[in-house]
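Next come the chains, spelled out residue by residue.
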Amino acid sequence: MSPVWHPFTQHGLGEPIPLVTRSEGAALYTADGRRVIDAISSWWVTTHGHCHPKIMAAIVEQAGKLDQIIFAGWTHEPAEAVARGLLAIMPGALTRVFFSDSGSTSVEVALKMALGFWRNRGDDRHRILVLEHGYHGDTIGGMSVGERGVYNQAYAPLLFEVGTIPLPGADPQPSYDALEAECAAGAAAFIVEPLILGAGGMLMYPPAVLAEFAAICRRHGVLFIADEVMTGWGRTGTLLACEQAEVVPDILCLSKGLTGGAVPLAVTLASEPIYQAHLSGDRAKMFFHSSSYTANPLACAAAVANLAIWREEPVLRGITLLAERQAQRLARIAANPQVENARQLGTITAFEIEAPTTGYLSEIGPRLLAFFRERGILLRPLGNTIYLMPPYCIDEADLDTVYAAIEEAIAEISAA
Ligand SMILES: Cc1ncc(COP(=O)(O)O)c(C=O)c1O
């Protein structure tokens, strides 16, 4: 029996854990010779496809030169190139790049930057506003600003208090009013997942709402943090989801697709006033955050290659094509009477299937997982919510296979 303890896995249920030996494009290959279609980009990280040759080559080349170097007081060309490459494609108001190593840490950094900003200006504001049903990672700060529920009940005593803004329904006014009131009371920052709340159930809201949220924060001087860890790198049809609302955040979190999904790396981008608030002759005002592998050169080399792919290849054209292919298949599945609330944002599709219980622990979740695993498809429903977030290179045949398996799963579940 393996001693490995897997994340988000109930080992007591005896789920089989396939051994994966190789990956390429939209597929994973198991030790027992099976090809598995990766319909969720291995937890939303893989953008262009697994083992992209240019990204792999960049890692190999870097491995012959410099593996790791402390990043406090030292620098290296791959990190400098990532920073330059990011500033060339990100909104102009974001001028500073702080490295870390996961989506969660990019969020921790964002929250600490926001509090450091206020404190260094002599204001002790510290209240963080969040959007209902949000998810920002599994560290203590990330959980604190995320939805409270089964994910984090056991750790609730460690989580800090936040102001929760309701996710707008048909009438967004109550959400705007709640945000106005919280901002007027002197919040430090508002953190949101722009346009789509991922782990909260692939819940979508329109660009106009995002734009109004940002405008309210701006009017009150409250910092606006966009967590684009999931939405960044084209998932929603544009490089950033914020673009669709013409919103420029004060702080932006990116990870996952930053390296094309090959190796862990994250950045938190900050606007100049946030950096300037930490700039001083006083060492007590520096930004107190680091981790051992900050800006690891191998990871940065992968990000440099990813940035080159975005510059040199028709990535957005591929994204548009995938969005169209997804739309055609979603329209078909939406006609299934067991399917509810079919929705799409860019390359992401999602819908609920009728089930006696809903939510993350809906009993059909594990049944669906097993059903798809047996058919060689990596899908991980969020309770009774099924979603697809494939790598951009997935072809029509693989997409058809995935949707056909979903139709079969629905038929089997409703017959049971
Ligand atoms: C919006 C968002 N923020 C933060 C995270 C945490 O990222 P990581 O799992 O890399 O720590 C995730 C992960 O899915 C996410 O979707």
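J.: Quick rundown of the overall build of the protein chain? Include the residues and the values.
T.: Helix and strand content of the protein chain: 12 helices and 16 strands. In terms of overall size, the protein chain behaves like a compact globule, its C-alpha atoms giving a radius of gyration of 21 Å where 416 residues would be expected to give roughly 22 Å. With respect to the principal axes defined by its C-alpha atoms, the protein chain has extents near 65 × 55 × 45 Å. Out of the 416 residues belonging to the protein chain, those deemed buried represent 51%. Within the protein chain, the 44 negative side-chain charges are centred at a point lying 5 Å from the centre of the 29 positive side-chain charges.

J.: Outline unusual backbone geometry, supporting the account with residue identities and numerical values.
T.: Residue serine 41 is not a glycine yet carries a positive backbone phi of 50°. Of note, serine 41 is situated in helix α1 (residues 41-44).

J.: Would you mind going over the pattern of salt bridges in detail, with residue names and values included?
T.: When the charged atoms of two side chains lie near each other, side chains of opposite charge can form a pair. Applying the stated criterion across every chain yields a total of 18 salt bridges. A salt bridge links glutamate 61 to lysine 65, with the nearest nitrogen and oxygen atoms 3.5 Å apart. The pair formed by glutamate 61 and lysine 65 is uniform in burial state, with each residue classed as exposed.

J.: So, the nonpolar core: which residues are in play, and what are the values?
T.: By size, the foremost hydrophobic cluster in this structure holds 94 residues, and its most contacted members are Leu86, Phe190, Met202, Phe213, Phe372, Leu379 and Ile406. Leaving out residues up to four positions away in the same chain, phenylalanine 213 has contacts with Leu131, Ile165, Pro168, Ser175, Tyr176, Leu179, Phe190, Tyr205 and Phe224. Membership of the second largest hydrophobic core comes to 25 residues, among which are Phe98, Val145, Ala188 and Ile274.

J.: Would you mind going over the sheet that holds strand β16 (residues 385-388) in detail, with residue names and values included?
T.: Pairing is antiparallel across the open sheet formed by three strands, whose spatial order is β13-β14-β16. Each edge of the open sheet is held by one strand with a lone partner, namely β13 (339-345) and β16. With strand direction ignored, the average angle separating the axes of adjacent strands in the sheet is 15°. In the sheet, strand β14 (residues 348-353) pairs with β16 via four bridges, with the strands oriented antiparallel. Bridging across to β16, threonine 349 finds its partner in leucine 388. Helix α12 (residues 396-415) contacts β13, β14 and β16 of the sheet and is inclined by roughly 170° relative to β16.

Parameters and conventions
Residues numbered from 1 in each chain as written. Predicted model: local features only at pLDDT ≥ 70, side-chain atom pairs only at ≥ 80, totals over all residues. Heavy atoms only, no water. Helix = DSSP H or I, 4+ residues; strand = E, 2+ residues; numbered from the N terminus. Rg over C-alpha atoms; globule rule 2.2 N^0.38 Å. Buried < 20%, exposed > 50% of the residue type's maximum accessible area, 1.4 Å probe, protein only. Lys, Arg positive; Asp, Glu negative; His and termini not counted. Charge placed at Lys NZ, Arg CZ, Asp CG, Glu CD. Salt bridge = Lys/Arg side-chain N within 4 Å of Asp/Glu carboxyl O. Core = buried A, V, L, I, M, F, W, Y, C linked by side-chain atoms within 4.5 Å. Contact = heavy atoms within 4.5 Å. Pairing = 2+ DSSP bridges. Axes fitted to C-alpha atoms, helices over the stretch in contact; angles between N-to-C directions.

Purely geometric numbers; function is a separate question.
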